[in-house]
Amino acid sequence: MGSSGKKKSRVGDWGIKLRKIERVLVTGGAGFIGANFLHYLLKKNFSGRVVNLDALTYAAEIKNLSFIESKLDYRFVHGSIVDKSLLEKLFEEEKFDTIVHFAAESHVDNSILGPGIFIETNVQGTFQLLETSKNFWKKNHMTEVLFHHISTDEVYGSLGKHGYFTEKTPYDPSSPYSASKAASDHLVKAYHKTYQLPVTISNCSNNYGQFQNAEKLIPLIIKNAFLGKKLPVYGQGVNIRDWLYVEDHCSAIWEILLNSKVGECYNVGGNNEWKNIDVVNLICKLLPEYTDKTKEYYESLIEFVTDRPGHDLRYAIDATKIKEELGWLPKETFETGIKKTIEFYVNRLKENK
Ligand code: NAD
């Protein structure tokens, strides 16, 4: 048994009584959350096989994985989830019992400029992975298997000032990114309903922490501030996001892999809503602890820029289901998590100077 942690006895549609995790395919493991998940597996003393399939797009950073490579039973495969023959070969070679599917194009702004690759990776890629999993597992009569799909709260669209997204909130995506994620969620659900493929889905709020590409708000603001560049804030900065420390997202995924009921979807969030401008101001306030500049200097770099088209006003997650069913709770507060995050990026920026 490669996994550790508590086990519950549940019977899924493919006869799962006790979830074993021994041979895992992680897609997109060189990206932000995927790399953190691989570090999390190491932290959990995971002793099973881990294969990381990643196309190494601009968002990937392979050096974030150097620490884990020799410590896990690990194989890196440079390739795409859209590549059917590669997937079939990998399944034959590795006989996966668990898929943890992170690989995606993930940046909303890029999806507005060029949506095609989002459909290719997020929709077509998820389809190929589902199809290969279904065919391989059926052919080999494998029953103790799970396909876990990582998704986003952005599939639900925008909230007004009040209310929360629950697992029952209708999908109403605004951007090509969130529409492509919604499409992939629907495919995953359809493979469960039509072929009884054992699947689970998590829809998570905005993550922050180490290893994120500097195109995203928090690392972008830290990087630009450190380099003395402008700190761009969309519109008036009043859009609200519900921030979750990335390791808390990883622990939620881990609980779902071990203990969830097949076919379930879980909303994951930290109950931690911040206006974008408040996040930027907090970073400006904390940065002087790690640098030789003042809060006022950093604040003077803030620049309000033309709002993103179709910019959702507010996201907020109701995570009651995962808390009650799986006993998951986030460990990090925003105050502690953001300090660790700033320290990580400032150290990286100093190393690269
Ligand atoms: P990321 O952009 O940092 O990383 C994506 C990874 O996928 C990269 O390593 C990239 O090389 C890889 N990839 C892209 N196309 C591929 C392909 N065709 N084949 C194989 N690998 C490919 O993304 P992230 O922020 O780590 O997000 C991971 C997942 O979590 C995504 O599915 C995203 O939708 C979801 N998600 C992200 C957040 C967030 O705040 N970042 C929140 C909720 C859900």
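Student: Would you explain helix α5 (residues 116-139) in this entry?
Tutor: Residues that lie three or four places apart on an α-helix share one face, since the helix turns once every 3.6 residues. Taking 1.5 Å of rise per residue, the 24 residues of α5 would be expected to cover 34 Å, and the 33 Å separating its terminal C-alpha atoms lies within 8% of that figure. Bending of α5 peaks at approximately 25° at the position of glutamine 124. Where α5 ends, the next residue or the one after it, histidine 141, has phi of about 55°, a positive value.

Student: Quick question: what am I supposed to make of the side chain of arginine 348 here?
Tutor: Assignment of secondary structure puts arginine 348 in helix α12 (residues 334-351). Of the side chains with opposite charge, glutamate 61 lies nearest to the buried arginine 348, which makes no salt bridge, at 4.3 Å. Here arginine 348 is in contact with Glu61, Lys63, Asn64 and Phe211, once residues within four sequence places are set aside.

Student: Where do I start with empty space enclosed by the protein in this structure?
Tutor: By rolling a water-sized probe across the atoms, one finds the places where empty space is left. In this structure the tally under the stated criterion is 2 cavities of 30 Å³ or more. What the second largest cavity holds in volume is close to 30 Å³. Every residue lining the second largest cavity is listed: Thr57, Tyr58, Ala59, Ala104, Glu105 and Ser106. When grouped by side-chain class, the residues that make up the lining of the second largest cavity number 3 nonpolar, 2 polar and 1 charged.

Student: What should I look at first to understand helix α1 (residues 32-43) in this one?
Tutor: With 12 residues, α1 extends 17 Å between its outermost C-alpha atoms, agreeing within 8% with the 16 Å of an ideal straight helix rising 1.5 Å per residue. With 11 of 12 residues buried, α1 is to be regarded as a mostly interior element. Taken together, the buried positions of α1 are Phe32, Ile33, Gly34, Ala35, Asn36, Phe37, Leu38, His39, Tyr40, Leu41 and Leu42. Asparagine 45, located one to two residues past α1, shows a positive phi value of around 55°.

Student: Honestly, unusual backbone geometry in this entry has me stumped. Any pointers?
Tutor: Trans peptide bonds make up most of the peptide bonds, and negative phi angles are found at most residues other than glycine. Of note in the backbone geometry, histidine 141 takes a positive phi value of approximately 55° without being a glycine. With respect to the element layout, histidine 141 can be found in the loop between α5 and β5 (146-152). We note that glutamine 196 has phi near 60°; this positive angle belongs to a residue other than glycine. With respect to the helices and strands, glutamine 196 occurs in the loop between α6 (176-195) and β6 (199-204). Using a relative accessible area of 33% as the deciding quantity, one classes glutamine 196 as partly exposed.

Reading the values: the criteria
- Residues numbered from 1 in each chain as written.
- Predicted model: local features only at pLDDT ≥ 70, side-chain atom pairs only at ≥ 80, totals over all residues.
- Heavy atoms only, no water.
- Helix = DSSP H or I, 4+ residues; strand = E, 2+ residues; numbered from the N terminus.
- Expected span 1.5 Å × (residues − 1).
- Bend = angle between axes of the 7 residues up to and from the residue.
- Buried < 20%, exposed > 50% of the residue type's maximum accessible area, 1.4 Å probe, protein only.
- Lys, Arg positive; Asp, Glu negative; His and termini not counted.
- Salt bridge = Lys/Arg side-chain N within 4 Å of Asp/Glu carboxyl O.
- Contact = heavy atoms within 4.5 Å.
- 1 Å grid on protein atoms, 1.4 Å probe; cavity = no way out; pocket = protein on both sides within 12 Å on 5 of 7 lines; lining within 4 Å.
- Points joined across faces, edges and corners; volume = space filled by probe spheres on them.
- Nonpolar A, V, L, I, M, F, W, Y, C, P; charged D, E, K, R; others polar.

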